[in-house]
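In case you want the letters, here they are:
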Amino acid sequence: MKFSKMRGLTCAAAGLLMVGLAACGSSKASKAQNVITIADTPIGWASYAKDTDLAGGKITPPSAEKGTIGGFGGQIVTVKTRDDFIKYAESEEPMVIYVDGTIDMTDLGNGSMVPDTVTGSTFALDKWIAERTAGTGLASSSYHDWKVKYTASQDGHFDESGEGAAVRAKMDKEWGELIDVNINSNKTIIGLGANSGLFGGSLFIKNKQNVIIRNMNITECYNPFPAVESNDGLNAEWDTVTVRTSKYIWIDHCTISSKFSPKDIEKDKFKSKDGEMMKWQVHDGLLDITNESDFVTVSWCILRNHDKTQLIGSSDKKTGDINHQTISLLHNWYDGCGQRLPMVRFATLHIANNYYSAGADNTWQRGIDRRKDCKIYSEGNYFEDERKSVTSRSDGSMYDVGSVNLMKNWLNDKPAWNPKDYYPFTAVKATEAKNQALTLAGAGKVPVVNADPASVTDPK
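These remarks concern the structure in this document. (Residues numbered from 1 in each chain as written. Predicted model: local features only at pLDDT ≥ 70, side-chain atom pairs only at ≥ 80, totals over all residues. Heavy atoms only, no water.)

### Observations regarding the overall build of the protein chain
Of the regular secondary structure elements, the protein chain holds seven helices and 29 strands. Compactness check: the protein chain gives a C-alpha radius of gyration of 22 Å against a globular reference of 23 Å for 460 residues, within 12% of the reference. Dimensions of the protein chain, computed from C-alpha atoms along their principal axes, come out at roughly 60 × 60 × 40 Å. Of all 460 residues assigned to the protein chain, the portion counted as buried reaches 60%. Taking the intrachain contacts of the protein chain between residues at least 6 apart in sequence as the baseline, contacts between residues at least 24 apart amount to 67%. Carbon and sulfur atoms make up 48% of the accessible area of the protein chain, which amounts to about 17,400 Å² in all. Measuring between centres, the 52 positive side-chain charges of the protein chain sit 4 Å from its 57 negative side-chain charges. (Helix = DSSP H or I, 4+ residues; strand = E, 2+ residues; numbered from the N terminus. Rg over C-alpha atoms; globule rule 2.2 N^0.38 Å. Buried < 20%, exposed > 50% of the residue type's maximum accessible area, 1.4 Å probe, protein only. Contact = heavy atoms within 4.5 Å. Areas by Shrake-Rupley, 256 points an atom, 1.4 Å probe, with all protein chains shown as cover. Lys, Arg positive; Asp, Glu negative; His and termini not counted. Charge placed at Lys NZ, Arg CZ, Asp CG, Glu CD.)

Below, the structure is given as structure tokens:
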């Protein structure tokens, strides 16, 4: 696509973007970006631009040159509020959406509903729960009151049941409608500043294609209404970012994290009807990619302070994932994450130049978790703790070259595939990848070259 076709951009703005694009160097991941522009070329699987997928199906990439281009060529807007962000992210038209500042998805005018401490609450959340439980057998005056009463109404060895289950499910559904943003196709979402992003929300990309998310702090997807599940404790539902049955997705230079660490959450427990002490689990996945998604790259991101971090392939029974789930994880920093770094089923997965550290709470338990029929090509990753680098499984295939502190016991001698057959990539040495991650991964590390201010339309 030529710059002259970009609606809403002046010639001066187009020229500025061309300078920015040249500075990025783009297609070789070993060359770190200097700036972020809406015209950048993705790296990894998101740049795939051939006309067939690995299953032999016919496909039409958004761009024959770049693969994923997001909302490039569409209207450009800058948003500062929850309502405007939802309006434009869920719209049908191609859009470039700049996010200015932090948007709290749980603040409807009474303040945030995300507590400051793992055992605390807020005025807005207490009010929310009191209004919705009034007149029921579990009428609760506060969030803490709800935790005690709901857990006491359930048997910890069975799925939730009775009135408590019905009241919880109703509140959980309404909570999901509050925090969930269904990103539509042909969107580019870029945080303007170092602190721009989404707080308390969930980004959901389902049955869509051609989406780019960059320079965003996406943090604390909090669920106050976890459900008791049979012999599995209390489980939350909403992921911070979900990619499901979608294609051509690029998530780049984002910081995706949780406010409360796994060790924090261990402090918040309540007794069930049958005497089980149950952990009040308020987080689900951090960045999950499932259900036949294709041509997805997560690059230069920080994933931090979370337990069940990254699920790629949700079930051994999802055989439709075979020859799909084409995903690249490049130049990311996994910091203080407990497990699933990632957990992988079926995917044709490239894991390169990532850095794995234990974080402040030392919550790292298990690293790369290979499961059914996965095909992992690993190169140049740096693990601070070799014992936790990879789980003791021999499922599927995992080949590695050049990683530091990676357990070799369960690796394969030959790769099941080679990324260079599908897109250009030159890995750096693992020690250099660690240093790059520490300085360049995450939001706010690379400046955003905005379009010409005269061409940016503020929402009305």
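### Some points on the nonpolar core
Counting residues in hydrophobic clusters, the biggest one holds 54 residues, and the most contacted among them are Phe 85, Ile 97, Leu 203, Ile 251 and Leu 349. Considering every element that reaches this core, the biggest residue donor is helix α2 (residues 82-89), with four residues. Filtering out sequence-adjacent residues up to four positions away, Ile 97 remains in contact with Val 77, Val 79, Phe 85, Tyr 88, Ala 89, Lys 187, Thr 188, Ile 189 and Ile 190. If you look at the next biggest cluster of nonpolar residues, it comprises 30 residues, including Met 113, Ile 129, Phe 199 and Trp 238. (Core = buried A, V, L, I, M, F, W, Y, C linked by side-chain atoms within 4.5 Å.)

### Observations concerning the packing of helix α3 (residues 123-133) against helix α5 (residues 162-179)
Relative to each other, α3 and α5 sit at 135 degrees, their axes nearing to 11 Å. By the criterion of interaxial angle, the relationship of α3 to α5 is oblique. The way α3 lies across α5 gives a crossing that is right-handed. Between α3 and α5, the contacting residues are Leu 125, Trp 128, Ile 129, Arg 132 and Thr 133 on the first element and Val 167, Met 171, Glu 174, Trp 175 and Leu 178 on the second. A class-by-class count of the residues in the contact of α3 with α5 yields seven nonpolar, one polar and two charged. (Axes fitted to C-alpha atoms, helices over the stretch in contact; angles between N-to-C directions. Parallel < 35°, antiparallel > 145°, perpendicular 65-115°, else oblique. Left-handed = near helix turned anticlockwise from the far one by under 90°. Nonpolar A, V, L, I, M, F, W, Y, C, P; charged D, E, K, R; others polar.)

### Digging into the sheet that holds strand β18 (residues 294-299)
Paired through backbone hydrogen bonds, the strands of a sheet run either parallel or antiparallel to each other. Sheet architecture is open: 10 strands sit in the order β1-β2-β5-β8-β13-β18-β21-β24-β27-β29, paired in parallel fashion. Edge positions in the sheet fall to β1 (75-79) and β29 (397-401), since each of these pairs with one other strand and no more. Going from strand to strand, the sheet's axes swing by 10 degrees on average, the running direction of each strand aside. Where strand β21 (residues 326-330) meets strand β24 (residues 348-352), five bridges bridge the pair, whose relative direction is parallel. By the bridge assignment for β24, Ser 328 is matched with His 350. Contacts between α2 and the sheet are confined to β1, β2 (95-99) and β5 (187-191), with β2 contributing the most and set at about 160 degrees to the helix. (Pairing = 2+ DSSP bridges.)

### A short note on the sheet that holds strand β25 (residues 355-357)
The parallel open sheet is built from eight strands, whose spatial order is β3-β6-β9-β14-β19-β22-β25-β28. Two strands in the sheet have a free side with no partner beyond their single neighbour: β3 (102-104) and β28 (382-383). Note that strand β9 (residues 217-219) and strand β14 (residues 255-257) share three bridges and pair parallel. Residue pairing in the sheet places Asn 217 in a bridge with Thr 255 of β14.

### Concerning helix α4 (residues 143-152)
Looking only at α4, the buried set comprises Tyr 143, Asp 145, Trp 146, Lys 147, Tyr 150 and Thr 151. Packed against the buried residues of α4 are α3, α5, β10 (227-229), β11 (233-235), β15 (269-271) and β16 (277-279).

### Overview of the pattern of salt bridges
Across all of its chains, the model carries 25 salt bridges by this definition. In this structure, Arg 82 engages Asp 83 in a salt bridge whose closest nitrogen and oxygen atoms are separated by 3.5 Å. By relative accessible area, Arg 82 is classed as buried at 15%. A salt bridge links Asp 264 to Lys 267, with the nearest nitrogen and oxygen atoms 3.7 Å apart. (Salt bridge = Lys/Arg side-chain N within 4 Å of Asp/Glu carboxyl O.)

So far we have only geometry, and geometry alone does not tell us how the molecule works.
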